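Structural overview
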Amino acid sequence: MAAAGTSVSAARGPGAPAGTEARVRRPTPARPSRLPPLLVLLAAAAGPGAGGAARLYRAGEDAVWVLDSGSVRGATANSSAAWLVQFYSSWCGHCIGYAPTWRALAGDVRDWAAAIRVAALDCAEEKNHEVCRAYEIHFYPTFRYFKAFAKDFTTGEDFKGPDREPQTVRHAMIDFLQSHADEGRPPGCPSLNPIRPRDVLSLIDSSGGRYVAVLFESNSSYVGREVILDLIPYENIEVKRALGWDKAFLQKLGVSSVPSCYLIYPNGSHGLVTVGKPLRSFFSSYLKSLPDVRKKSLSLPEKASKEDNSEAVVWREFDRSKLYAADLESGLHHLLRVELAAHRSLAGAELKTLKDFVTVLAKLFPGRPPVRKLLETLQEWLASLPLDRIPYDAVLDLVNNKMRLRGYTCSLWKLFHTLTVRAGTHPKALDGTGFEDDPQAVLQAIRRYIHIFFGCKECSEHFEEMAKESMDSVKTPDQAILWLWKKHNVVNSRLAGHPSEDPKFPKVPWPTPDLCPACHEEIKGLTSWNEGQVLLFLKRHYGSDNLEDKYSSDLGDAGEGAPATGAERAGGHASPGQPPADQGAKSLRPLGVLPPRPRLSERSHQALDVKLGSLSGAEGRRGAGAGAAFLGTGFSSLDMSLCVVLYVASSLFLMLMYFFFRVRSKRWKVKHHHPSV
């Protein structure tokens, strides 16, 4: 996605002149809430940030207005035009598949920009995570309308329509424009309301030195309003619409059917326009081609930046038969940072799902020891919280690095497969967690996590449908391994040939014959799977012995988790088959001895105080509770209460002792006092 690249970004529109930026008002940034080094390191250790997927929209090349965290509020707040913004994720398959339609829609209504603009914002970009949370974006793609001249911050109005086809969205855009009050209507938008027959006669009688076109149509037709908006950037012509309910009046003008266009010429003559078909494109094209009707002076669209054109895609060597720790940590990184970022706070089922999933990760994740240690500490910290709600900022902090990720969903599948295999090969790993002796434990934890936190709504719904259909049939850990493998192949089959398919990793039945010849067999001329061999392959492929640490990122110091410079970019890649990013990307220093419970720095204390102080009401009290447990480094609420009681008792005792000795001192002075004569 094209970004502004400065501290005060601007939304660059397709018609903006080069070097021109819309003025953007940015609110004073709130001081970010810092977390214990544990959580900062955990997100960093889990892999690089988002944004490696191909950009779906490019400023200057597409008619789509490309927004980001620095421009979206300034563009939509108090704007002279309305906005229709698609909040999407560049890794979401449905967003990728819909991108050509969105680009086509934006190009189709390019001339409407003075009234309403079509934009997009990529929530997978790390810099956009916070703003997507502020706009309460939980699923992708999400479509929001923003009215013109909105004074206060608003999350917008959801798009409501039977489908997302260009014509449906175009009609919904017109309805949204007409929902503006007259005083709040964009100044560049002509009136879309129909005029009366006597107004038509007045236009005919008064020649204004320009063309006036009147579109007669039925009440349910959008042709007239679309043509009005199409002609916004053209001068020397004005377009009106009228309803064709007065048959006698239409006959007087020679109009026999609707929609029809009646044209009043600059010299005062008038008559019916004849076009090939009574369609929007025919009417608009005819009116734009009239003599002296020309487009107002507009600069050409800005060309794509050099940064966009200079991206070199260089794939590193990797072995398809190996399981890379970088892939697992990449999926872990996004599960903990990207998906959870859509939730301001976690409570009830959400909090329990997070605790259960982190427990499964802590017990089964086969990665490097520092990552496992961090997961274990996070699991202990979550388990020690005696709260029913915690703010999201007390669970994760975003790591501002520029490492990029490609193939996010593939990394997730690899992580999920690894968890099911580890549960099957290490049956004692979940002892004491409440998940022992449950062959569905890992699958159910994955299912709940996807259902609650996964941003791709359609993906989540598809997985839930598969789970409802057959997950209850899983009775053994081996069946759990095979169930996930079968469903993964179902998804591969459904997405084969989809625009979201990575050409480097086509969606084919897996494992392929070159990886596992014994997994494939032919029975009566038909190819089939040997599930016994598939199970052996999965256990071997996702086993610890096949795990490769190559391309994994370095981990940071346990103190503050501050990034250090000078690290090799190759070590911070999310996926071994992914192109390297800029050499200036930051990594972290080698990890020291990690204590079982991290200590907060003074700055972290102060930042947490600011964060908790900003909360109000019940949420503030709950947030304060989280802070108490947080600052207590693992103490329970009973422990903290006893500390308070002891503190108060000690204070009272000291006060009593002070007054006791003060009174004794006064009595002694009176007893030994001898007044002078």
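Residues numbered from 1 in each chain as written. Predicted model: local features only at pLDDT ≥ 70, side-chain atom pairs only at ≥ 80, totals over all residues. Heavy atoms only, no water.

Attention now moves to a nonpolar patch on the surface. Together, V644, Y647, V648, L652, M655, Y658 and F659 make up an exposed nonpolar region whose accessible area comes to about 770 Å². Within the secondary structure, V644 sits in helix α21 (residues 637-671). (Patch = residues over 30% accessible without salt bridge, like charges linked within 9 Å, V, L, I, M, F, W, Y side chains within 5 Å. Areas by Shrake-Rupley, 256 points an atom, 1.4 Å probe, with all protein chains shown as cover. Salt bridge = Lys/Arg side-chain N within 4 Å of Asp/Glu carboxyl O. Helix = DSSP H or I, 4+ residues; strand = E, 2+ residues; numbered from the N terminus.)

Turning our eyes to something else, we now look at the environment of P190. Position of P190 relative to the elements: it lies in the loop between α5 (166-178) and α6 (197-205). In this structure the C-alpha to C-alpha distance between P190 and R225, which are 35 residues apart in sequence, comes to 9.5 Å. If we skip the residues at most four places from it in the chain, P190 touches R185, I228 and I232. (Contact = heavy atoms within 4.5 Å.)

Attention now moves to the nonpolar core. Of all hydrophobic cores here, the largest spans 137 residues; its most connected members are Y57, F87, W102, M173, L229, L287 and L538. Not counting chain neighbours up to four residues away, the residues in contact with F87 comprise L121, C123, C132, Y135, I137, Y140, P141, T142, R144 and F146. Formed by 13 residues, the second largest nonpolar core is a distinct cluster that contains I204, V214, F216 and L253. (Core = buried A, V, L, I, M, F, W, Y, C linked by side-chain atoms within 4.5 Å. Buried < 20%, exposed > 50% of the residue type's maximum accessible area, 1.4 Å probe, protein only.)

We now examine unusual backbone geometry. The peptide bond linking Y140 to P141 adopts the cis configuration, its omega dihedral lying at -10 degrees. Inspection of the secondary structure assignment puts P141 in the loop between α4 (129-134) and β4 (142-146). With omega at 5 degrees, the peptide bond leading from W510 into P511 counts as cis. As for its placement among the helices and strands, P511 is situated in the loop between α17 (477-495) and β15 (520-523). Positive phi, normally seen in glycine, also occurs at F149, with a value near 60 degrees. As for its placement among the helices and strands, F149 is situated in the loop between β4 and β5 (157-158).

For the rest of this paragraph, the subject is the packing of α17 against helix α18 (residues 531-541). It is the contact of α17 with α18, at a shortest axis distance of 10 Å, that shows an interaxial angle of 95 degrees. As far as their axial angle goes, α18 and α17 are roughly perpendicular. Between α17, through D478, I481, L482, W485 and K486, and α18, the contact on the second element is made entirely by E531, V534, L535, L538 and K539. Among the residues forming the contact of α17 with α18, the class breakdown is six nonpolar, no polar and four charged. (Axes fitted to C-alpha atoms, helices over the stretch in contact; angles between N-to-C directions. Parallel < 35°, antiparallel > 145°, perpendicular 65-115°, else oblique. Nonpolar A, V, L, I, M, F, W, Y, C, P; charged D, E, K, R; others polar.)

Ordered in space as β1-β3-β2-β4-β5, the five strands form an open sheet in which the pairing is mixed. The outermost strands of the open sheet, each flanked by one partner alone, are β1 (65-67) and β5. Relative to strand β3 (residues 116-122), strand β2 (residues 82-88) is paired through seven bridges, and the arrangement is parallel. The residue of β3 that forms the bridge with L84 is V118. Most of the contacts of α5 go to β4, to which it runs at about 30 degrees, and overall it touches β2, β3, β4 and β5. (Pairing = 2+ DSSP bridges.)

Enumeration according to the criterion identifies 21 salt bridges in this entry. A salt bridge links D108 to R280, with the nearest nitrogen and oxygen atoms 2.9 Å apart. Separated by 172 residues along the polypeptide, D108 in helix α3 (residues 93-108) and R280 in helix α9 (residues 280-288) bring together distant segments of the chain. Residue E130 pairs with R133 through a salt bridge whose shortest N-O separation is 3.2 Å. Note that E130 and R133 are positioned in helix α4 at a spacing of three residues, about one turn of the helix.

It is worth spelling out the pairing of strand β6 (residues 211-217) at this point. In terms of burial, β6 is largely enclosed, as seven of its seven residues are buried. Burial along β6 is two-sided: the residues Y211, A213, L215 and E217 and V212, V214 and F216 are all buried. In the sheet, β6 pairs with strand β8 (residues 237-243) via seven bridges, with the strands oriented parallel. Across the sheet, V212 pairs through a bridge with E238, a residue of β8.

When the pLDDT values of the chain are averaged, the result is 74; 68% of them are 70 or greater. Every residue in residues 15-53 is under pLDDT 50, and counting partners more than four places away or in other chains gives 139 contacts. Throughout residues 555-634 the model reports pLDDT below 50, and contacts reaching past four residues in sequence, or to other chains, amount to 173 contacts. (pLDDT = per-residue confidence, 0-100.)

Following the criterion strictly, the structure yields 25 aromatic pairs and no others. Its guanidinium or amino end placed over the ring of Y222, R225 lies 4.2 Å from that ring's centre, counting from NZ or CZ. Above the face of the F139 ring, K457 is positioned so that its terminal group lies 5.3 Å from the ring centre. (Phe/Tyr/Trp six-rings, centres within 6.5 Å; stacked < 30°, edge-to-face > 60°. Lys NZ or Arg CZ within 6 Å of the ring centre and 35° of its normal.)

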